[in-house]
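# Summary of structural features
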Amino acid sequence: MTVILIENGAIITLDDVRHVYNPGYILLQDDRIAAVGSGAAPAELRARATEVIDASLMAVMPGMVNAHTHLFQTFIRGLADDKPLLDWLKAAIWPVAQALTEEDAYLAALLGLVENIRGGATSVIDHQYIHTEPGNDDGVFRAAEESGVRFLNARGWADMNYPPAFQETPERIEAEMRRLHDRWHGRANGRLRLEFGPLIPWGCSDATMRRTCALAAEWGVGTHVHVAETQAEVDMELASRGMRHIEWLHSLAALGPDVQLVHSVWLSDHELDLIERSGAVVVHCPVSNMYLASGVARVPEMYRRGIPVALATDGPGSNNNQDMMEVLKTTCLLHKVSSLNAMVLLPEDVLWMACRGGAAAFGQPDLIGSLEVGKKADVVLADLNTPLAMPVHKPVSALVYNLAARDVDTVIVDGRVLMRGKRILVVDEAALLDRARAACARLFARAGVVVD
Ligand SMILES: [Zn+2]
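A quick note: this is a predicted structure, and the numbers were derived from the prediction, not measured.

Further remarks concern the overall build of the chain. A tally of regular secondary structure across the chain gives 16 helices and 17 strands. Relative to a compact globule of 452 residues, whose C-alpha radius of gyration would be 22 Å, the chain shows 21 Å and is just as compact. Along the longest, intermediate and shortest principal axes, the C-alpha atoms of the chain span 65 × 45 × 45 Å. Within the chain, contacts between residues separated by at least 24 positions form 74% of all contacts whose residues are at least 6 apart in sequence. Carbon together with sulfur atoms contributes 53% to the accessible area of the chain, which is approximately 16100 Å² in total. Taken as two groups, the 41 positive and 57 negative side-chain charges of the chain have centres that lie 2 Å from each other.

Our next topic: the coordination of the zinc ion. For the zinc ion, the full set of protein donor atoms is H68 (NE2), H70 (NE2), H226 (NE2) and D314 (OD), and the range of their distances to it is 2.1 to 2.6 Å. If you look at the zinc ion, its four donor atoms make angles of 85 to 168° with each other, and the shape they trace is irregular. Every donor residue of the zinc ion comes from the same chain, spaced as H-x1-H-x155-H-x87-D. Here H68 is found in strand β6 (residues 64-69), whereas its partner H226 is found in strand β10 (residues 223-227), with 158 residues between them in sequence.

One pass over the structure, following the stated rule, counts 34 salt bridges. In this structure, the salt-bridge partner of E7 is R46, at a minimum N-O distance of 2.7 Å. Of this pair, E7 sits in strand β1 (residues 3-12) while R46 is found in helix α1 (residues 43-48), placing the two residues 39 residues apart along the sequence. Where R172 meets E168, a salt bridge forms, and the shortest distance between an N and an O atom there is 2.8 Å.

This part is about the nonpolar core. Here is a general trend for soluble globular proteins: nonpolar side chains tend to be buried in one another's company. Counting residues in hydrophobic clusters, the biggest one holds 126 residues, and the most contacted among them are F75, F151, I246, L249, L261, L328 and L399. With ten residues, helix α3 (residues 102-118) is the single largest residue contributor to this core. Here this core spans two domains, and each of domain 1 (3-62 + 376-424) and domain 2 (64-361) adds at least three residues to it. Setting aside residues no more than four positions away along its own chain, L261 makes contact with V225, V227, I246, L249, L255, I275, A280, V281, V282 and V283.

Considered domain by domain, the chain is made up of domain 1 (3-62 + 376-424) and domain 2 (64-361). Its C-alpha centre places domain 1 at a distance of 29 Å from the equivalent point of domain 2. Counting residues at the interface gives 30 residues for domain 1, matched by 32 residues for domain 2. For the pair domain 1 and domain 2, the summed buried surface comes to about 2600 Å²; carbon and sulfur atoms form 63% of the total. When the buried area of domain 1 at its contact with domain 2 is split by residue, L14, V400 and Y401 rank highest and sum to 25% of it. Here domain 1 and domain 2 share four salt bridges between them. Elements with a contribution of two residues or more to the side of domain 1 that touches domain 2: β5 (58-62), α15 (395-401), β15 (408-413), β16 (416-420) and β17 (423-424). No other element matches α15, which puts five residues into the side of domain 1 that touches domain 2.

Of all ten residues in β1, nine are buried, a share of seventy percent or more. Two elements, β1 and strand β4 (residues 51-54), share four bridges in a ladder whose sense is parallel. By the bridge assignment, I4 is partnered in β4 with E51. Sheet analysis places β1 next to β5, joined by two bridges and oriented parallel.

Within this structure, the stated rule accounts for six aromatic pairs. On the numbers, 5.5 Å between centres and 90° between planes, the contact of F72 with Y129 is edge-to-face. With F72 in the loop between β6 and α2 (85-97) and Y129 in the loop between β7 (121-128) and α4 (136-147), the pair connects residues that are 57 residues apart, well separated along the chain. Comparing F72 with Y129, the two get one shared label, buried. Of the aromatic side chains, those joined through ring pairs into one cluster are W94, Y162 and W202. In this arrangement the basic side chain of R142 is found over the ring face of Y106, its NZ or CZ atom lying 4.4 Å from the centre.

Among the residues making up helix α8 (residues 231-240), those that are buried are E233, V234 and E237. All buried residues of α8 project into a common sector of 100° when viewed along the axis, lining one side. Phi turns positive one or two residues past the end of α8, at G242, with a value near 75°.

Moving on, we get to the environment of L333. Considering the arrangement of structural elements, one finds L333 in helix α13 (residues 324-339). Residue L333 is classed as partly exposed on the basis of its relative accessible area, which comes to 41%. For the pair L333 and H245, spaced 88 residues apart in sequence, the C-alpha to C-alpha distance is 27 Å.

Here we take up helix α7 (residues 206-219). Its 14 residues place the ends of α7 20 Å apart at the C-alpha level, agreeing with the 20 Å of an ideal helix rising 1.5 Å per residue. Turning to α7, its buried residues are T208, M209, T212, C213, L215, A216 and W219. Angular distribution of buried residues about the axis of α7 spans 160°; they occupy a single face of the element. Seen from the open side of α7, the exposed residues pointing more than 90 degrees away from its buried face are A207, A217 and E218. Its buried side turned inward, α7 meets β8 (150-157), α5 (170-184), β9 (192-198), β10 and α9 (245-251).

Cut-offs used in this document
- Residues numbered from 1 in each chain as written.
- Predicted model: local features only at pLDDT ≥ 70, side-chain atom pairs only at ≥ 80, totals over all residues.
- Heavy atoms only, no water.
- Helix = DSSP H or I, 4+ residues; strand = E, 2+ residues; numbered from the N terminus.
- Rg over C-alpha atoms; globule rule 2.2 N^0.38 Å.
- Contact = heavy atoms within 4.5 Å.
- Areas by Shrake-Rupley, 256 points an atom, 1.4 Å probe, with all protein chains shown as cover.
- Lys, Arg positive; Asp, Glu negative; His and termini not counted.
- Charge placed at Lys NZ, Arg CZ, Asp CG, Glu CD.
- Donors = N, O, S within 2.8 Å, 3.2 Å for Na, K, Ca; no water.
- Tetrahedral: all angles 85-135°; square planar, octahedral: opposite > 155°, others 65-115°.
- Salt bridge = Lys/Arg side-chain N within 4 Å of Asp/Glu carboxyl O.
- Core = buried A, V, L, I, M, F, W, Y, C linked by side-chain atoms within 4.5 Å.
- Buried < 20%, exposed > 50% of the residue type's maximum accessible area, 1.4 Å probe, protein only.
- Domains from an automatic or database assignment.
- Buried area = accessible area lost by both parts, 1.4 Å probe.
- Pairing = 2+ DSSP bridges.
- Phe/Tyr/Trp six-rings, centres within 6.5 Å; stacked < 30°, edge-to-face > 60°.
- Lys NZ or Arg CZ within 6 Å of the ring centre and 35° of its normal.
- Arc of directions from axis to C-beta.
- Expected span 1.5 Å × (residues − 1).

Set out below in structure tokens:
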């Protein structure tokens, strides 16, 4: 049995009353949190520990959930910067993705997951929609298994209006989902899971959407979908279906607490009402929305209405990183400047979104998202003792406004230490970078992409 005692840190619990124990301790027993408290750890807990981590001058927080990414894009980042969404898809994403192999999918995912660990994310939802080789999803799952990260593959699909290389028939979508569900769902002590990932309203037919939502309900899994990212996409749906994006989901009875609405930038008041009533989770990607000039989601309003809001980086192609620490600060700043209200979101609020909102998006609000007894042992330690943060008057403020991925020191998932002292323990990081660099060069050569 592994029993890890973390002591002397500023324990940011994110429990329902948002306790911060400074200093405090936390005891991890195998994959669960066994004790959390203020001050010094009681002697009987110390006696049980097989490993003690001294978290003096560190923040100890729940692992964040990166609630939306496309890990394959790790290989594409920086290739076509400074374009709006639809131009960016055509110029960069589609040509390269068409040539992606299972090995590329594996390496790009592993690289992206290591970056997620370094940014303090312990759970990741990958909206994986590149099925150019049947094994791509298996490659991504293999990477997730090796990385130690808690992982949800929202297997993407489109059955209309999409480049033929990425479009699938309803039969193939269902057959692949059944195969992946049998092979991967619930593996690695429940760390790996699968859900449906209809890509985008304008790429999904009503009939297939109804079918996959029925299967999701039958299997007890969620549905993850891009909605209302840009104004142009809303206009496209108004022209073709006569409905806005959330109205369309509502018309199919597809909204519910197990649905993650990614982006949700261009929403009407009526759509906000529909989301609020349904219990669906909004996934906010502020860096991506700014990078692609998509717009500003009405996040403070959603948060005040009690709509669960999760945070995410989006794919590395539109960010260009997987840094959830950067997302924390960016979320605060974006909404302050766009509302001209410095109080509109506070550090406590964005941390809540990244952890508790993320846990809701991940479909496991009772298992992850806070440091509470009985929850999974997913913990992040970040260094407060740096010239970039000292002196620390309020740990939560320092975490959001001062710290960055460079300060994430230790990452634990399911009771296993994935990174310690800023050193990745799960893979040979230098060898991975070399393999990824070589694979990416081969991929671009096959795709005929020349970087000018
Ligand atoms: Zn996306």
